[in-house]
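Letter by letter, the chains look like this.
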Amino acid sequence: MIENQFHFEKLYHEYKKLVFNVALNYLQNIEDAEEITQDVFVKIYNSVDNFKQESSYKTWIYRITINQCLDYIKQKNSQKRFFIFGKKSQNEQEYLTSSTFEHPGILMENKEEAAILFSVINTLTENQKTAFLLSKLDGMSNSEISEIMELSISSIESLVFRAKVTLQEKLGEKFTNYRKKK
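These notes cover the structure that comes with them.

Conventions adopted
Counting restarts for each chain: residues are numbered from 1 in the order of the written sequence. Whole-chain, interface and lining totals are the exception, using all residues; otherwise, since this is a predicted model, local features are given only for residues with pLDDT of at least 70 and side-chain atom pairs are given and counted only at 80 or more. Only hydrogens and water are set aside; all other atoms, that is, all heavy atoms of the structure, feed into the side-chain values. Salt bridge, as applied in this entry: a Lys or Arg side-chain nitrogen positioned within 4 Å of an Asp or Glu carboxyl oxygen. Numbering of helices and strands runs from the N terminus; a helix is a DSSP stretch of H or I covering at least four residues, while a strand is a stretch of E covering at least two. Each residue gets one of three labels from its accessible area relative to the maximum for its type: buried under 20%, exposed over 50%, partly exposed in between, using a 1.4 Å probe on protein chains only. Working definition: rings of Phe, Tyr and Trp (its six-membered ring) pair if their centres are within 6.5 Å, and the pair is stacked with planes under 30 degrees apart, edge-to-face with planes over 60 apart, and tilted otherwise.

On to the pattern of salt bridges. In a structure, side chains of opposite charge can pair up when their charged atoms sit close to one another. Counted under the stated rule, the structure contains 3 salt bridges. Linking D32 and K76 is a salt bridge whose minimum nitrogen-to-oxygen distance equals 2.7 Å. Here the residue D32 occupies a position in helix α2 (residues 30–47), and K76 occupies one in helix α3 (residues 57–82), the gap between them amounting to 44 residues. Judged by its relative accessible area of 10%, D32 falls in the buried class. Among the ionic pairs, R63 bridges to E150, the shortest N-O distance being 3.5 Å. Here R63, found in helix α3, pairs with E150, found in the loop between α7 (142–149) and α8 (153–181); they are 87 residues apart in sequence, far enough to count as distant. Accessibility expressed as a relative area gives 59% for E150, which makes it exposed.

What follows is the structure, encoded as structure tokens:
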């Protein structure tokens, strides 16, 4: 038991920043990222004895973190839908994907532009978003992403490419509208 506790504490200290940053990239909210970080480490604590070492701890922890984030987003969206009564509004998708944008790495003057960027990233499919965030924000290689997402490298390349094309199209529209408002 003491050995397991020591092992867990070592994992916690080694990966707590990684988990928090991944959660923050997904959720763009400090409190939500902290909550997910806590949930991830509770899950790790409860299952570290069952880890089969078919992948590295880093890959396993990334997978848990991403799944927790996706589950959290789904739960949050279903709660938001509960409050939308009657006919779907035209702005429902924007409402469901909006978040309070709180990313400490973004300078104050760039917050509006970053919020626009992340609002568009949030419209990507789950797989595109995951591949894009791991590639562009976490700087991971396609083979690392392939292992985490359990997809082929060519699938990862395709997901990242499609995400970039989608982002270019949607960001072009958003920033054109944004500039007109200023």
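With that out of the way, let us pick up the packing of aromatic side chains. One pass over the structure, following the stated rule, counts 6 aromatic pairs. Seen in terms of ring centroids, F8 and F41 are 6.3 Å apart; in terms of plane orientation they differ by 75°. Their pairing is edge-to-face. In this pair, F8 sits in helix α1 (residues 2–27) while F41 sits in helix α2, placing the two residues 33 residues apart along the sequence. F41 matches F8 in its accessibility class, with the two residues each being buried. Relative to Y45, the ring of F8 has its centre 5.0 Å away and its plane inclined at 85°; by these criteria the two rings are edge-to-face. Here F8, found in helix α1, pairs with Y45, found in helix α2; they are 37 residues apart in sequence, far enough to count as distant. Overall, F8 belongs to the buried group, its relative accessible area being 13%.

These values are about where atoms sit, not about what they do.
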